[in-house]
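What the coordinates show
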Amino acid sequence: MLRNLVLVAALGAASPALATGLDIEVAGEANGTVHIDLFEDVAPNHVKQITDLAKEGAYDGVVFHRVINGFMAQTGDVEFGKMGGDMRMAGRGGSSKPDLKAEFSDKSFQRGTVGMARSQSPDSANSQFFIMFAPAGHLDGQYTVVGEVTEGMDVVDAIKRGSGRNGEVTGKPDMMTKVTVTD
């Protein structure tokens, strides 16, 4: 009996851990839940920062401030991107956590890929991320891939598009009402 328990424990320890993910409840022109599987093995530091921010509730109420038709939808500015704030500042902020060193990989930017937004410096990603509407090979090796949408791409497709400069969403943008970490 003890031998069987040891064998079961050993098999349990050897099996792969369940992947961490995010459930993002979206409201606005788009309504529904987007599930993202995060790539802990590809970008462990970025995934940790995103999940820490989500657990703190930092992403709740944050808008999709930059949405370019046929390209991507960007969100995650926990400093300036909260609904009710000065939307002219959305996209310029981050979090109180330190910027991250790039974790580039051989993962390609395809439809549904989630990548970390950054400034000119490859080591400047912080809290903002984007979801691809279509493949964009020119981003490969230039931005850190952190995950992929596995459910709710129809919700992503319905996010209000930007009409302002560089995809800036004018009027009332769609937002992440609640972001939950899943196992």
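Residues numbered from 1 in each chain as written. Predicted model: local features only at pLDDT ≥ 70, side-chain atom pairs only at ≥ 80, totals over all residues. Heavy atoms only, no water.

1. Some points on the confidence of the model for the protein
Quick note on the threshold: The predictor rates its confidence in each residue with pLDDT, a number between 0 and 100. Working rule for contacts: check all heavy atoms of both residues, and any pair within 4.5 Å makes them a contact.
With 90% of its residues at a pLDDT of 70 or more, the protein has an overall mean of 91. Confidence over residues 1–17 falls short of pLDDT 50; this stretch has 0 contacts with residues more than four positions distant or in other chains.

2. Focus on the sheet that holds strand β8 (residues 145–151)
Threshold: Pairing between strands is defined by DSSP: at least two bridges between them are needed. Numbering goes from the N terminus for both helices and strands, where a helix is a DSSP run of H or I of at least four residues and a strand is a run of E of at least two. Note on geometry: axes are C-alpha line fits, over the in-contact stretch for helices, and angles between N-to-C directions span 0 to 180 degrees.
One open sheet accounts for 9 strands, arranged β3-β9-β1-β2-β8-β6-β7-β5-β4; its pairing is antiparallel. A single partner strand is all that each edge strand has here, and the edge strands are β3 (62–63) and β4 (66–68). Pairing of strand β1 (residues 21–27) with strand β9 (residues 175–182) involves 7 bridges; the strand directions are antiparallel. Its bridge partner being in β9, Asp-23 is matched across the sheet by Thr-180. Sheet strands in contact with helix α2 (residues 44–55) are β1, β2 (32–38), β6 (113–116), β8 and β9, and its direction is about 115 degrees off that of β9.

3. Quick look at the packing of aromatic side chains
Centre-to-centre distance and the angle between the planes together describe a pair of aromatic rings. The following threshold applies: Between 30 and 60 degrees the pair is tilted, below 30 it is stacked and above 60 it is edge-to-face, where a pair is any two Phe, Tyr or Trp rings, Trp via its six-membered ring, whose centres lie within 6.5 Å. When accessible area is computed with a 1.4 Å probe and restricted to protein chains, residues below 20% of their type maximum are described as buried, those above 50% as exposed, and intermediate ones as partly exposed.
One pass over the full model with this rule turns up 3 aromatic pairs. On the basis of an interplanar angle of 20 degrees and a centroid distance of 5.8 Å, the ring pair of Phe-109 and Phe-130 is categorised as stacked. In this pair, Phe-109 sits in the loop between β5 (72–75) and β6 while Phe-130 sits in strand β7 (residues 129–132), placing the two residues 21 residues apart along the sequence. Take Phe-109 and Phe-130: they sit in the same class, and that class is buried. Considering the side-chain rings of Phe-130 and Tyr-143, the 6.0 Å spacing of their centres and the 85 degrees angle between planes classify their relative orientation as edge-to-face. A residue pair is termed long-range when its members are at least 10 positions apart, and Phe-130 in strand β7 and Tyr-143 in the loop between β7 and β8 qualify at 13 residues. On the accessibility criterion, Phe-130 (4% relative accessible area) is buried. The exposure class of Tyr-143 is partly exposed, given its relative accessible area of 23%. Taken together, the aromatic side chains of Phe-109, Phe-130 and Tyr-143 make up a single cluster linked through ring pairs.

4. A few points about the pattern of salt bridges
Filter applied, for reference: Counted as salt bridges are all cases of a side-chain nitrogen of Lys or Arg within 4 Å of a carboxyl oxygen of Asp or Glu.
Applying the stated criterion to the full structure yields 5 salt bridges. For Lys-48, the salt bridge identified is with Asp-52, shortest N-O distance 2.7 Å. Pair noted here: Lys-48 and Asp-52 are both in helix α2, with a separation of 4 residues, about one helical turn. Assessed through its relative accessible area of 49%, Lys-48 is described here as partly exposed. We classify Asp-52 as partly exposed; its relative accessible area is 22%. Ionic pairing is found between Arg-88 and Asp-86, a salt bridge with its closest N-O pair at 3.0 Å.

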